[in-house]
Amino acid sequence: MAGLNKVTVDDIDVKGKKVLVRVDFNVPLKDGVITNDNRITAALPTIKKLIENGGKVVLCSHLGKPKNGPEDKFSLKPAADRLAELLPGVKVTFAADDTVVGDNAKKAVAEMNDGEIVVLQNTRFRGADETKNGENLSKELADLVDGQVFVMDAFGSAHRAHASTAGVTKFVKETAVGYLMQKEIKFLGNAVEDPVRPFVAILGGAKVADKLNVISNLLEKCDTLIIGGGMAYTFLKAKGYEVGLSLVDDTKLDYCKEMMEKAEKNGKKLLLPIDTVVAANFPDPIDGPIDVKTVDSDKIPADMEGLDIGEKTRALFAEAAKSAKTVVWNGPMGVFENPTLAAGTIAVAQALADTDATTIIGGGDSAAAVIQLGFSDKMSHISTGGGASLEYLEGKELPGVAVIANK
């Protein structure tokens with residue numbers, strides 16, 4: 001396995017100890033109701049292990065991006081309530097302190113028995129104390145568990161050096177990674193460092209700029225790189241094609257040329273869309289009806305924009321995916337939120353569902369698309385972290401992993 005040489009929850013004895021666990025409960029909410037509890041269920045194996053072993057488990061997480069201090073709509077209470085439903089018979093207490101570590105939290109933790117859970121309020125209610133890795137919050141979190149044990153299991157936040165993901169480790173005796181972190185790094189790490197070949201990487205999404213280093217790194221690792229979504233039009237323009245009103249980053253044209261040359265030099269296949277679904281405007285609302293037509297990628301009309309890959313491209317990309325033994329996919333092929341423009345993303349998801357390759361979905365929009373389209377049980381691994389999985393695919397060490405003790 002692509003070395004995760006870190007202490008894990010299987011290596012530590014937590015009986016009677018207070019254990020702070022950084023989970024990723026950053027779940028989507030609509031009117032205070034959780035619309036997808038995927039991230040909570042993903043944390044259950046670690047939580048169950050710690051309570052079964054007699055730990056006193058204190059969970060912390062962020063939710064959303066509260067800009068104006070504490071707000072009810074960003075409260076972690078719905079996540080705590082859902083966790084209690086998923087763990088019948090286990091005492092789960094929500095500590096409603098806007099300061100995160102306040103009187104409620106201190107009292108709840110002091111009164112805990114082994115095998116019980118306290119859920120703290122949204123760590124981002126502390127603003128820069130959390131996001132700038134402030135020593136105050138780091139210390140308060142550690143003091144709450146008497147500096148005993150910290151477990152990192154929030155892969156979705158592991159690319160951020162925050163107080164609750166990194167700073168706190170300076171003030172606790174024992175650190176470890178949880179099962180979700182192990183699983184994420186095993187799948188992503190193996191794919192990048194030691195893939196079963198042929199290895200096909202599929203990148204989509206809107207912006208080339210978000211994926212610059214990923215493209216470059218993957219061209220050294222994979223056998224075939226497929227590029228779809230909004231970022232493909234910058235590549236098509238770099239080839240000299242007319243792209244009409246399509247999304248283009250003119251500052252990255254030379255970069256795209258370099259990447260195409262790099263692929264050729266390294267003997268890698270770089271596949272771009274050969275036909276494109278175009279419309280006069282971006283759909284408004286995003287899921288509203290829209291008139292479209294399909295044209296070859298070098299014949300996009302000057303007054304139209306590309307919004308999905310066409311039928312011939314779907315077949316081309318699906319064929320490449322089906323021949324693979326390892327596939328990593330990050331980013332949709334078009335505006336998948338619109339039923340008319342979801343066909344490209346559905347075709348790629350279907351191709352991955354039909355292959356017996358190891359299929360890894362790199363979080364964010366591609367994970368949302370795969371779940372929304374009903375393909376989640378057909379994939380080997382759906383990452384819980386969009387930004388974190390991208391940085392991992394770039395070959396970066398994640399701060400939230402680096403701070404955990406080595407074996």
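The structure contained in this document is the topic of the report that follows. Keep in mind that what you see is a predicted model, and the values were worked out from it rather than measured. (Residues numbered from 1 in each chain as written. Predicted model: local features only at pLDDT ≥ 70, side-chain atom pairs only at ≥ 80, totals over all residues. Heavy atoms only, no water.)

Of all hydrophobic cores here, the largest spans 73 residues; its most connected members are L20, L120, I215, L225 and F235. Those residues in contact with L120, other than ones at most four positions away along the chain, are L20, V58, L59, C60, L76, F94, A95, V100, A105, L141 and L144. Counting residues in each nonpolar core, the second largest holds 33 residues, with V14, V23, L59 and A176 among its members. (Core = buried A, V, L, I, M, F, W, Y, C linked by side-chain atoms within 4.5 Å. Buried < 20%, exposed > 50% of the residue type's maximum accessible area, 1.4 Å probe, protein only. Contact = heavy atoms within 4.5 Å.)

Ordered by their spatial adjacency, six strands build an open sheet running β5-β6-β4-β1-β7-β8, and the pairing between neighbours is parallel. Across the chains shown, the open sheet's two edge strands, defined by having one partner strand only, are β5 (92-95) and β8 (174-177). With strand direction ignored, the average angle separating the axes of adjacent strands in the sheet is 20°. As paired elements, strand β4 (residues 56-60) and strand β6 (residues 117-120) share three bridges and run parallel to each other. Counted as the bridge partner of V58 is V118 from β6. (Pairing = 2+ DSSP bridges. Helix = DSSP H or I, 4+ residues; strand = E, 2+ residues; numbered from the N terminus. Axes fitted to C-alpha atoms, helices over the stretch in contact; angles between N-to-C directions.)

For the structure on display, the rule yields zero disulfides. With no disulfide of its own, C256 has C222 as its nearest cysteine by sulfur position, at a separation of 15 Å. Note on C256: relative accessible area 0%, which makes it buried. (Disulfide = S-S within 2.5 Å.)

Structurally, A367 can be placed in helix α12 (residues 364-372). The spatial distance from the C-alpha of A367 to the C-alpha of G386 is 8.3 Å, given a sequence separation of 19 residues.

A separate point is α12. Within α12, the full set of buried residues consists of S366, A367, A369 and V370. Buried residues of α12, seen end-on, are gathered within an arc of 160° and therefore sit on one face of the element. Against β15 (326-330), α11 (343-354), β16 (358-361) and β17 (381-382) lie the buried residues of α12. Phi turns positive, to about 85°, at G374, one or two residues after α12. (Arc of directions from axis to C-beta.)

In this section: the packing of helix α6 (residues 179-193) against helix α13 (residues 386-393). Relative orientation of the contacting elements α6 and α13 amounts to 30°, with a least axis distance of 10 Å. The angle between the axes of α6 and α13 places the two elements in the roughly parallel class. Remark: the crossing between α6 and α13 carries right-handed chirality. Residue-level inspection shows I185, L188, G189 and V192 of α6 in contact with α13, the latter providing S389, Y392 and L393. Among the residues making up the contact of α6 with α13, the classes are represented as five nonpolar, two polar and no charged. (Parallel < 35°, antiparallel > 145°, perpendicular 65-115°, else oblique. Left-handed = near helix turned anticlockwise from the far one by under 90°. Nonpolar A, V, L, I, M, F, W, Y, C, P; charged D, E, K, R; others polar.)

Once that is clear, we can look at the sheet that holds strand β14 (residues 305-309). With respect to topology, three strands assemble into an open sheet ordered β13-β12-β14, the strand pairing being antiparallel. Two strands lie at the open edges of the sheet, namely β13 (293-296) and β14, each paired on one side alone. On average, adjacent strands in this sheet sit at an angle of 45° to one another, irrespective of strand direction. As judged from the four bridges shared by strand β12 (residues 275-279) and β14, these two strands associate in the antiparallel manner. In the strand pairing of β14, T276 is matched with I309. Along the sheet, helix α10 (residues 311-322) makes contact with β12, β13 and β14, crossing β14 at roughly 40°.

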